[in-house]
Amino acid sequence: MSDLGPVSPGHAADAAWLRRWRLRPDGDLTTTASSILMPVLTRGGAPAMLKIAHSEEEERGVGLLTALDGHGAARVLRHDRDAVLLERATGDRDLVDMVRDGDDDGATRIICETAAQIHAASPEVFAAAPPLIDLRTWFRLLFEQADDHGTLHRRGADIAGELLDDAREPVALHGDLHHGNVLDFGDRGWLAIDPKGLVGEAGFDFANLLCNPSHERALMPGRLERQFGVVVEASGLERARLARWLVAWCALSSIWFAIDDDPAHAESAAAIGERALGLA
C-alpha cells in the first residue's frame, strides 16, 4: 500500500492530487453536486482540506479566497486548475450550536465581523482581479420570473432593481454568509468558507444570515426583528436599506427553492420576506 493510505475507488483524480501535493487522507471523502472534499494532512502534518471543484461557481469562489489571502476567510495553500488545498477549521466551536445554546446574538455578531473583514479587503481583491459576478446578474432569475410567482416576488424584484439603480460603493462579497459557512479556525478565529464570489453593495452580504440557521428559527416570534437589530448595530448599515436587501434576497431565494422543487422552503423564504417588509 502507498503512503497515501486507502483511497476510495473511482476517485483517481483525488489520488493524483494527493500524490502530486504529498498529502495524506485524514477523514472521509465527501461528494457534492459541485465539488469533492477530503480532509488531509500535508507533508509536514498540518491539517488541510483538498477540494476538487466541478462547477464554475466553485472555481469563482476559489478565486475570491485566493485574492482574500486569509482576510476573513480560509487561506488557500495551493491551487492548480480545478484543485485547491485550503487550511482546515479545527476549532471545536460551532455557530449553529451557539444559537441552540441561547447565544443567537453572539453568533450573528461573529458573522457580521467576518463579513466586515472580507469587505475591508476589497482593495486587495480588486487589485488581484479574480472573476466576480455583479449583483444585477445574480438577481437575474428574480427579474425574469417574479411575475410567475407571488406578490412578494414582484415586490422583491422591484426593490432589488431600485437598490441596484441607486447602488452604494461596491465591495467584494462572500455571497452566502450564514452559520454553516463561518467556522472556528482555532488561533485564526472565525473565518468564512465556500464564497460565491460576488461584487456589489455590502448590505447584500448580511441578508442571508437573517434567514439562518433555519427558516423555522428565522420565523420564530420576535427573532427576525431582534437579529435584524443586532445586524444593524454590528454592521452600521442603514436600517431601512438593509431591510430592503432582505426582502430582495428572500424573493430571490424563494425562486431558487421553487426551481429546485422545494416548495416548503420556497414558501418559508417568502414568509421571511413578507415579515421583512414590516422592517422596512
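The rules behind the values
- Residue positions within a chain follow its written sequence, with the count starting from 1.
- Totals for whole chains, interfaces and linings use every residue, but because this is a predicted model, local features are given only for residues with pLDDT of at least 70 and side-chain atom pairs only at 80 or more, for both listing and counting.
- Excluded from the side-chain calculation are hydrogens and water; included are all heavy atoms of the structure.
- We count a salt bridge whenever a side-chain nitrogen from Lys or Arg sits within 4 Å of a carboxyl oxygen from Asp or Glu.
- Going along the chain from the N terminus, every DSSP run of H or I of four or more residues is numbered as a helix, and every run of E of two or more is numbered as a strand.
- Whether a residue is buried, partly exposed or exposed follows from its accessible area with a 1.4 Å probe, protein chains only, as a fraction of its type maximum: under 20%, in between, or over 50%, in that order.
- Note: two strands are recorded as paired if DSSP finds a minimum of 2 bridges between them.
- Axes here mean lines fitted to C-alpha atoms, for a helix over just the part in contact, with angles spanning 0 to 180 degrees between N-to-C directions.
- For classification purposes, an angle smaller than 35 degrees is called roughly parallel, one larger than 145 roughly antiparallel, one from 65 to 115 roughly perpendicular, and anything else oblique.
- Each crossing is labelled by how the near helix is turned from the far one, with a counterclockwise turn of less than a right angle marking it left-handed and a clockwise turn marking it right-handed.
- Note on contacts: a residue pair qualifies if any of its non-hydrogen atoms lie within 4.5 Å across the two residues.
- When residue character is reported, Ala, Val, Leu, Ile, Met, Phe, Trp, Tyr, Cys and Pro are called nonpolar, Asp, Glu, Lys and Arg charged, and the others, Gly included, polar.

A short note on the pattern of salt bridges
Then step 1. Applying the stated criterion across every chain yields a total of 20 salt bridges.
Then step 2. Where Arg 88 meets Asp 26, a salt bridge forms, and the shortest distance between an N and an O atom there is 2.9 Å. Remark: Asp 26 occurs in the loop between β1 (24-25) and β2 (30-31) and Arg 88 occurs in the loop between β6 (83-87) and α3 (95-100); sequence separation between them is 62 residues.
Then step 3. Using a relative accessible area of 17% as the deciding quantity, one classes Arg 88 as buried.
Then step 4. For Lys 51, the salt bridge identified is with Glu 58, shortest N-O distance 2.8 Å.
Then step 5. On the basis of relative accessibility, which here comes to 16%, the residue Glu 58 falls in the buried class.
Then step 6. When salt bridges that share partners are traced, they join Asp 166, Arg 168, Glu 201, Glu 238 and Arg 241 into one network.

Regarding unusual backbone geometry
Then step 1. Look at the link from Asn 212 to Pro 213: it is a cis peptide, with omega at 10°.
Then step 2. Mapping Pro 213 onto the fold places it in the loop between β11 (198-201) and α9 (215-218).
Then step 3. Despite not being glycine, Arg 22 shows a phi value in the positive range, around 55°.
Then step 4. With respect to the element layout, Arg 22 can be found in the loop between α1 (12-21) and β1.
Then step 5. Even without glycine at this site, Asp 261 takes up a positive phi of about 60°.

Details of the sheet that holds strand β8 (residues 170-173)
Then step 1. Spatial strand order, β7-β11-β8: 3 strands in an open sheet with mixed pairing. What marks the edges here is a single partner per strand, and that holds for β7 (133-134) and β8.
Then step 2. Here 2 bridges tie β7 to β11, and the two strands are oriented parallel to one another. By the bridge assignment, Ile 133 is partnered in β11 with Leu 198.

Quick look at the pairing of β6
Then step 1. Across the 5 residues that make up β6, a large majority, 5, are buried.
Then step 2. The alternating pattern of β6 places Ala 83, Leu 85 and Glu 87 on one face and Val 84 and Leu 86 on the opposite face, and all of these are buried.
Then step 3. Alignment of strand β4 (residues 47-53) against β6, held across 5 bridges, turns out to be antiparallel. What sits directly across from Leu 50, in β6, is Leu 85.
Then step 4. One ladder, built from 4 bridges, connects strand β5 (residues 76-80) with β6; its direction is antiparallel. By the bridge assignment, His 79 is partnered in β6 with Val 84.
Then step 5. Counting the residues in the hairpin turn of β5 and β6 gives 2 residues, including Arg 81, whose phi is positive at 55°.

Overview of the packing of helix α10 (residues 223-235) against helix α12 (residues 263-279)
Then step 1. One can describe the packing of α10 onto α12 by two numbers: an axis separation of 10 Å at closest approach and a directional angle of 60°. Put simply, α10 runs oblique to α12. At the point where α10 passes α12, the crossing takes the right-handed sense. Contacts from Leu 224, Glu 225 and Phe 228 in α10 reach Ile 272, Arg 275, Ala 276 and Leu 279 in α12.
Then step 2. Here the contact of α10 with α12 is composed, by residue class, of 5 nonpolar, no polar and 2 charged.

Describing the packing of helix α4 (residues 104-120) against α10
Then step 1. Contact geometry of α4 with α10 gives a least axis separation of 9 Å together with a crossing angle of 40°. Relative to α10, the element α4 lies oblique. Of the two elements, α4 crosses α10, and the hand of that crossing is right-handed. Judged by residue contacts, Asp 104, Asp 105, Thr 108, Arg 109 and Cys 112 of α4 engage Arg 223, Arg 226, Gln 227, Val 230, Val 231, Glu 233 and Ala 234 from α10.

Scope: geometric values only; no functional claims are made or implied.
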